[in-house]
Amino acid sequence: MGKLVIVDDCLAPARFIYLDYSGPDPFGISKKIAGMLKRFFGVSSAGISETNFNWDNSGDPITFYFTWWVQRSYGSSLMRIDIKVQGARGKTKNVGNFTMELRGKIVTKFGYKTSLLKSLWWIYAYLFYNRRRRNYVDICRDYLQRFRREIADHYNLKAREG
């Protein structure tokens, strides 16, 4: 059985959105942001995961690194947003900085058993599903831009594209 996988980048031609923070309690701000992901993206607990939590307090400043993903299903397609936070804070004073990286993609998967089914799917995709997939990419881009605006306005982060 074969599998066809199509991945669309939501932020093309830029691949990432970056948010920079500098000020008091950078670790606390990044954890508050993580707490609002489920509500903002409208997903259940199964649609969000913290995949990395690294904390190094052996030196000064203390460094931290977190990653999360958020997934939301749209029929045959899946929206996946990856969030990465990397920063540092001082040991004596709780002041520091972090950079947040946002990336989104739409993944469409189709399994087929014969080349005839694969051909039929390509015809269906060309005539109907590609427009729908394009709509999913626009929804994903809109989510990322609204998230950037809300985080930047609420926590006074500086946005940059990359």
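If you're wondering where the values come from, they're calculated on a predicted model, not measured in any experiment.

### Re helix H1 (residues 26–35)
So, point 1. Here H1 has its buried residues at Pro 26, Gly 28, Ile 29, Ser 30, Ile 33 and Ala 34.
So, point 2. The secondary structure elements touched by the buried residues of H1 are strand E2 (17–24), helix H2 (37–41), strand E4 (62–74), strand E5 (77–89), strand E6 (95–112) and helix H3 (115–155).

### Some points on the state of the cysteines
Each disulfide consists of one covalent bond between the sulfur atoms belonging to two cysteines.
So, point 1. Counted by the stated rule, this structure contains one disulfide.
So, point 2. One disulfide bridge connects Cys 10 with Cys 140, the sulfur atoms lying 2.2 Å from each other. Across the S-S bond of Cys 10 and Cys 140 the torsion is about 105 degrees, and the bridge reads as right-handed. With Cys 10 in the loop between strand E1 (2–9) and E2 and Cys 140 in helix H3, this residue pair connects regions lying 130 residues apart in the sequence. Accessibility classification places Cys 10 together with Cys 140 in one group, the buried group.

### Thoughts on the pattern of salt bridges
So, point 1. Summed over all chains, the structure comprises nine salt bridges.
So, point 2. Ionic pairing is found between Glu 101 and Lys 84, a salt bridge with its closest N-O pair at 3.7 Å. A residue pair is termed long-range when its members are at least 10 positions apart, and Glu 101 in strand E6 and Lys 84 in strand E5 qualify at 17 residues.
So, point 3. Classification of Glu 101 as buried rests on a relative accessible area of 15%.
So, point 4. In this structure, Asp 138 engages Arg 134 in a salt bridge whose closest nitrogen and oxygen atoms are separated by 3.6 Å. With Asp 138 and Arg 134 both in helix H3 and four residues apart, the pair spans about one turn of that helix.
So, point 5. Residue Asp 138 is classed as partly exposed on the basis of its relative accessible area, which comes to 36%.
So, point 6. By relative accessible area, Arg 134 is classed as partly exposed at 45%.
So, point 7. Among the charged side chains, a network of salt bridges with common partners joins Arg 134, Asp 138 and Arg 141.

Criteria and thresholds
- Residues numbered from 1 in each chain as written.
- Predicted model: local features only at pLDDT ≥ 70, side-chain atom pairs only at ≥ 80, totals over all residues.
- Heavy atoms only, no water.
- Buried < 20%, exposed > 50% of the residue type's maximum accessible area, 1.4 Å probe, protein only.
- Helix = DSSP H or I, 4+ residues; strand = E, 2+ residues; numbered from the N terminus.
- Contact = heavy atoms within 4.5 Å.
- Disulfide = S-S within 2.5 Å.
- Salt bridge = Lys/Arg side-chain N within 4 Å of Asp/Glu carboxyl O.

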